[in-house]
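What the coordinates show
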Amino acid sequence: QVQLVESGGGLVQAGGSLRLSCTVSGSISSINAMGWYRQAPGNQRELVAVTTSGGIINYVDSVKGRFTISRDNAKNTVYLQMNSLKPEDTAVYYCHAVVRDTRTYSYNDYWGQGTQVTVSS
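What this report covers is the structure whose coordinates are included nearby. From a predicted model like this one, the values you see are computed outputs, not experimental measurements. (Residues numbered from 1 in each chain as written. Predicted model: local features only at pLDDT ≥ 70, side-chain atom pairs only at ≥ 80, totals over all residues. Heavy atoms only, no water.)

**Considering the overall build of the protein chain**
Helix and strand counts for the protein chain stand at zero helices and 11 strands. Put simply, the protein chain runs from its N terminus to its C terminus through helices and strands in the order β-β-β-β-β-β-β-β-β-β-β. Taking 2.2 N^0.38 as the reference for a compact globule, 121 residues should give roughly 14 Å; the C-alpha atoms of the protein chain span a radius of gyration of 14 Å, in line with that estimate. Projected onto its principal axes, the C-alpha positions of the protein chain cover 45 × 25 × 25 Å. Relative to its full complement of 121 residues, the protein chain shows a buried share of 40%. Residue pairs in contact within the protein chain that sit at least 24 positions apart in sequence constitute 56% of those at least 6 positions apart. (Helix = DSSP H or I, 4+ residues; strand = E, 2+ residues; numbered from the N terminus. Rg over C-alpha atoms; globule rule 2.2 N^0.38 Å. Buried < 20%, exposed > 50% of the residue type's maximum accessible area, 1.4 Å probe, protein only. Contact = heavy atoms within 4.5 Å.)

**A closer look at the nonpolar core**
The biggest cluster of nonpolar side chains holds 28 residues, and the ones touching the most others in it are Trp36, Leu80, Met82 and Tyr93. Mapped onto this core, the elements with two or more residues apiece are β1 (2–7), β3 (18–26), β4 (28–39), β5 (46–51), β7 (67–72), β8 (77–82), β9 (91–101) and β11 (115–120). Counting residues per element, this core draws most heavily on β9, which supplies five residues. (Core = buried A, V, L, I, M, F, W, Y, C linked by side-chain atoms within 4.5 Å.)

**Things to note about the state of the cysteines**
For the structure shown, the criterion picks out one disulfide. Here Cys22 is linked by a disulfide to Cys95, with a sulfur-sulfur distance of 2.1 Å. Its S-S torsion of approximately -85° makes the covalent link between Cys22 and Cys95 left-handed. Within this pair, whereas Cys22 is found in strand β3, its partner Cys95 is found in strand β9, the two being separated by 73 residues in sequence. Exposure class is identical for Cys22 and Cys95. Each is buried. (Disulfide = S-S within 2.5 Å.)

Quick look at the structure:
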C-alpha cells in the first residue's frame, strides 16, 4: 500500500504565505511525478504545480511567480511554498504522486486526503 499524507493548510490573510507538505510512504519502488492540485467549491480540480523525477517543473499560469514546488527525494516529500496568497487561491489542495509500488511494479496514481487553504480578503 502507498499513502500520501499532507500537512500545512490553514487560514491566512491575503498577501500571506503558507507551505504545504506531502510525504509518500508505504511499498514504494520509485516515484515519478509529484504535484499539487486544488479544487474550489463548484469548480473542477485543477493542476497547480508538478515536478517530475527528471526535474521538469510546471505551474498553472495563475500561480507563476507566487508559488514554488520542490521535492526532497530522500524523504519522498513534495512541498508547495505559497506566497502572496489571494482569496481566489482558496480551495482544497490535494497532493498527487505517480508511484511504482513493490507489489505490482507498475506506476499508479495516488492522492492525498486534501488540505484546506482559505485566504481571507
